[in-house]
Amino acid sequence: MAITEFLERNAKLYPTEVSLVEINPENQPDRNLSWREYNLIVASSQGRYRREMTWKEFDTKANRFANLLLTRGIKKGDKVAILLMNCLEWLPIYFGILKTGALAVPMNYRYTSEEIKYCLELAEVKTLVFGPEFTERIEQVLAGLKGIRTFFFVGENPPGFADSYEDLVKYCSSTAPAVDLRDEDDAAIYFSSGTTGFPKAILHSHGGLVSSCRTEQNHHSQTHDDVFLCIPPLYHTGAKMHWFGSLLAGGKAVILRGVKPEWILQAVSDEGATIVWLLVPWAQDILDAIERGDIRPEDYHLSQWRLMHIGAQPVPPSLIKRWLQVFPHHQYDTNYGLSESLGPGCVHLGVENIHKVGAIGKAGYLWETAIVNDMGEHVVPGEVGELIVRGPGVMKCYYNNPQATAEVLRDGWLYTGDVARMDEEGFIYLVDRKKDVIISGGENIYPVQIEDFLRAHESVKDVAVIGMPDDRLGEIAAAIIELKEGAAATEEDINNFCLGLPRYKRPRKIIFTRVPRNPTGKIEKPRLREMYCGARLVEAQTTK
């Protein structure tokens, strides 16, 4: 079956019930006011902005956009990219693409102009849907974009090269297009990258998306009465696949555009949220704000909040112990996954295993796991090896990259590149990552991109970037810099030079010293991590 069938079912079973809510605490509704058919509430006393839609409206919007795409020549197998901040339009657009038989291609909103161009061309995108935040970036590479026939702009005052999504979609049919969709049909392309920093296009099927719905609902027992608070970006497999549990149950979800502790607790309180997925920095900020007395849990209605779970980056066990001291009635869970495995869930701790905090868990629902040595042989409990997973959510391939596909897919198993061990009870613990990707605040940072950038500085001879444990972000990028003989540079000089990088890629720590390399010329990053991270790295690396 196709995942779109769940949406159509909910529209029939719960037509007038709320499916999605968007809350913008910063009260910036300017680009969304044209969606008049939605309930619009501006609570001036709180400076908050709120919109909602029912399941019937959700399905209708998806159908209208699907039919708009069909009028523009989009057909089964084509690719349509989404470059939007979290908003109420995001998911109807996603499902509208799927209803045509085309592939949805979510884009990271942190991408630079060149990264946008690279990914659009890698995925062979024919149509791009984007918001006002990205106009300038797209214009910088517009002349060089190949293959894109149509641009749809979500917001008011579209640029000259794009059509107004909102002006056109309202005139399209609200009837679902007659497109035959099956389990094996291609559904979506997500982007990932290894240590080289060059994104790979990850191809998933409708059957894979459906399986992730079932895995998520099995893990977190979503019912029709649950309310899911979604804060992470929807382009990320983690956010969307956790929401899939709500889709399967027909429950309400709340999209919160902001991460301040008081905004999170207010949204939980006002919307009656029962399930919240947090990243480590947000959980840390909530606890810190409570301990400082900036916010008081008793000022909010939080008794219905039953589950807090974390994923996407290393989770310090000490953080969870602190959390349960403040919220002792909460269930806690953690999930491990990759974009290649459709996000979270291939490994799952389980709320019943709170005594195992520090482990990432066991094989998730519908999944298998193993830990193998370099020859692909299973290792015994306690022995370190590479974590591999197998299940219905494993990607079909890296799109147009058979060599990279062959490196990670073998006999149906996905080789994660993560080093792990298993205890006698079958619980898996991450030991280290083969890849040098830094996960900071749930976002991947690729050291080679920062290293290449810093090497352009006139005083820099060599540089290595590593992840350093951080209580709030999980990890931060630290740059170890070796200066040219006779050259001088200060930390301030390097930080000013790094203003040319996107904010999230800028190193948070600068260390001036020699960069060690082995006899073959490779940087000895394990040695650097041992020197500058020490024992804290072991505690921090407990989950992804």
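Located above this text is the structure these notes cover.
These lines cover the structure that appears in this document, whether it is placed above or below. None of these values were measured; they are calculated from a predicted model.

## Side note on the sheet that holds strand β27 (residues 474–483)
Turning to step 1, where the next piece is worked out: With mixed pairing, 3 strands are arranged side by side in an open sheet as β26-β27-β28. Each of the sheet's edge strands pairs with one partner strand only, and the pair in question is β26 (460–470) and β28 (509–512). This sheet shows a mean twist of 25° between the axes of neighbouring strands, independent of strand direction.
Turning to step 2, where the next piece is worked out: As defined by bridge partners, β26 adjoins β27 across 10 bridges and the pair is classed as antiparallel. Directly across from Val463, in β27, lies its bridge partner Ile481.
Turning to step 3, where the next piece is worked out: Relative to β26, helix α13 (residues 447–454) is tilted by about 145°, and along the sheet it contacts β26 and β27.
Turning to step 4, where the next piece is worked out: Contacts from helix α15 (residues 525–532) reach β26, β27 and β28 within the one sheet, and its direction differs from that of β26 by about 55°.

## Remarks on helix α8 (residues 237–249)
Turning to step 1, where the next piece is worked out: For α8, built from 13 residues, the straight-helix expectation of 18 Å at 1.5 Å per residue is met to within 8% by its first-to-last C-alpha distance of 19 Å.
Turning to step 2, where the next piece is worked out: Two residues or fewer after α8 comes Gly250, characterised by a positive phi angle close to 70°.

## A few points about the packing of helix α1 (residues 4–13) against α8
Turning to step 1, where the next piece is worked out: Relative to each other, α1 and α8 sit at 45°, their axes nearing to 8 Å. Comparing their axes, α8 and α1 come out oblique. Contacts between α1 and α8 involve Phe6, Leu7, Arg9 and Asn10 from the former and Leu247, Leu248 and Ala249 from the latter.
Turning to step 2, where the next piece is worked out: Residue classes in the contact of α1 with α8 are distributed as 5 nonpolar, 1 polar and 1 charged.

## Considering the nonpolar core
Turning to step 1, where the next piece is worked out: Among the nonpolar cores identified, the biggest contains 120 residues, and Ile3, Phe65, Tyr94, Leu229, Trp243, Leu278 and Ile310 are the most heavily contacted of them.
Turning to step 2, where the next piece is worked out: In this structure, Leu229 is in contact with Val254, Leu256, Ile264, Ala267, Val268, Ala273, Ile275, Val276 and Trp277, ignoring residues within four places of it in sequence.
Turning to step 3, where the next piece is worked out: One finds Leu338, Ile360, Val379 and Ile428 within the second-largest nonpolar core, a separate group that totals 20 residues.

## Some words on the state of the cysteines
Turning to step 1, where the next piece is worked out: One pass over the structure, following the stated rule, counts 0 disulfides.
Turning to step 2, where the next piece is worked out: Cys172 carries a free sulfur, and the closest cysteine sulfur to it, the one in Cys87, is 18 Å from it.
Turning to step 3, where the next piece is worked out: Among the cysteines around Cys533, which has no disulfide bond, Cys498 carries the closest sulfur, lying 18 Å off.
Turning to step 4, where the next piece is worked out: Overall, the relative accessible area of 9% leaves Cys533 in the buried class.

## A closer look at the environment of Ile189
Turning to step 1, where the next piece is worked out: With respect to the helices and strands, Ile189 occurs in strand β9 (residues 186–193).
Turning to step 2, where the next piece is worked out: By relative accessible area, which is 0% here, Ile189 ends up buried.
Turning to step 3, where the next piece is worked out: For the pair formed by Ile189 and Met395, sequence separation is 206 residues and the distance between their alpha carbons is 9.5 Å.
Turning to step 4, where the next piece is worked out: Look past the residues within four positions of Ile189 in its chain and what remains in contact with it is Lys79, Leu103, Ala104, Val105, Pro106, Ala123, Ala201, Ile202, Leu203 and Tyr399.

## Observations concerning the packing of aromatic side chains
Turning to step 1, where the next piece is worked out: By the definition in use, this model includes 19 aromatic pairs.
Turning to step 2, where the next piece is worked out: Aromatic pair Phe130 and Phe161: ring centres 5.7 Å apart, planes at 5°, arrangement stacked. A residue pair is termed long-range when its members are at least 10 positions apart, and Phe130 in strand β6 (residues 127–130) and Phe161 in the loop between β7 (150–153) and β8 (163–164) qualify at 31 residues.
Turning to step 3, where the next piece is worked out: With relative accessibility at 0%, the residue Phe130 sits in the buried group.
Turning to step 4, where the next piece is worked out: Note on Phe453 and Phe497: the rings are 4.9 Å apart at their centroids and 45° apart in plane angle, and the pair reads as tilted.

## Details of the side chain of Gln222
Turning to step 1, where the next piece is worked out: The topology assignment puts Gln222 in the loop between α7 (206–220) and β11 (227–230).
Turning to step 2, where the next piece is worked out: Apart from residues no more than four positions distant in its own chain, Gln222 is found in contact with Glu216, Gln217, His242, Gly245, Ser246, Ala249, Ile275 and Arg306.

## A closer look at the pattern of salt bridges
Turning to step 1, where the next piece is worked out: The tally for this structure, following the rule as stated, stands at 30 salt bridges.
Turning to step 2, where the next piece is worked out: In this structure, Arg50 and Glu52 form a salt bridge, with 2.6 Å as the shortest nitrogen-oxygen distance. Residues Arg50 and Glu52 agree in their burial class; the two are buried.
Turning to step 3, where the next piece is worked out: Two residues, Glu271 and Lys252, come together in a salt bridge whose shortest N-O distance is 3.1 Å. You can see Glu271 sitting in helix α9 (residues 261–271) and its partner Lys252 sitting in strand β12 (residues 252–256), a full 19 residues away along the chain. Both residues of the pair, Glu271 and Lys252, belong to the buried class.
Turning to step 4, where the next piece is worked out: One network of salt bridges, with partners in common, ties together Glu22, Arg51, Glu89 and Arg257.

## Quick word on α7
Turning to step 1, where the next piece is worked out: With 15 residues, α7 extends 22 Å from end C-alpha to end C-alpha; this agrees with the ideal 21 Å at 1.5 Å per step.
Turning to step 2, where the next piece is worked out: The buried fraction of α7 amounts to 12 of the 15 residues, a majority that puts the element mostly inside the structure.
Turning to step 3, where the next piece is worked out: Taken together, the buried positions of α7 are His206, Gly207, Gly208, Leu209, Val210, Ser211, Ser212, Cys213, Thr215, Glu216, His219 and His220.
Turning to step 4, where the next piece is worked out: At the exit of α7 stands Ser221, carrying a positive phi of roughly 55°.

## A look at the pairing of β11
Turning to step 1, where the next piece is worked out: With burial as the criterion, each face of β11 is covered, one bearing Val227 and Leu229 and the other bearing Phe228 and Cys230.
Turning to step 2, where the next piece is worked out: Relative to β12, β11 is paired through 4 bridges, and the arrangement is parallel. When the bridges of β12 are listed, Cys230 appears paired with Ile255.
Turning to step 3, where the next piece is worked out: Between β11 and its parallel partner β12, the chain crosses via α8, and the hand of that crossover is right-handed.
Turning to step 4, where the next piece is worked out: In terms of strand pairing, β11 meets strand β13 (residues 275–278) through 2 bridges, oriented parallel. From the neighbouring strand, Phe228 faces β13, where its bridge partner is Ile275.

Conventions used here
Residues numbered from 1 in each chain as written. Predicted model: local features only at pLDDT ≥ 70, side-chain atom pairs only at ≥ 80, totals over all residues. Heavy atoms only, no water. Pairing = 2+ DSSP bridges. Helix = DSSP H or I, 4+ residues; strand = E, 2+ residues; numbered from the N terminus. Axes fitted to C-alpha atoms, helices over the stretch in contact; angles between N-to-C directions. Contact = heavy atoms within 4.5 Å. Expected span 1.5 Å × (residues − 1). Parallel < 35°, antiparallel > 145°, perpendicular 65-115°, else oblique. Nonpolar A, V, L, I, M, F, W, Y, C, P; charged D, E, K, R; others polar. Core = buried A, V, L, I, M, F, W, Y, C linked by side-chain atoms within 4.5 Å. Buried < 20%, exposed > 50% of the residue type's maximum accessible area, 1.4 Å probe, protein only. Disulfide = S-S within 2.5 Å. Phe/Tyr/Trp six-rings, centres within 6.5 Å; stacked < 30°, edge-to-face > 60°. Salt bridge = Lys/Arg side-chain N within 4 Å of Asp/Glu carboxyl O. Right-handed = clockwise from strand over helix to strand, strands pointing away.

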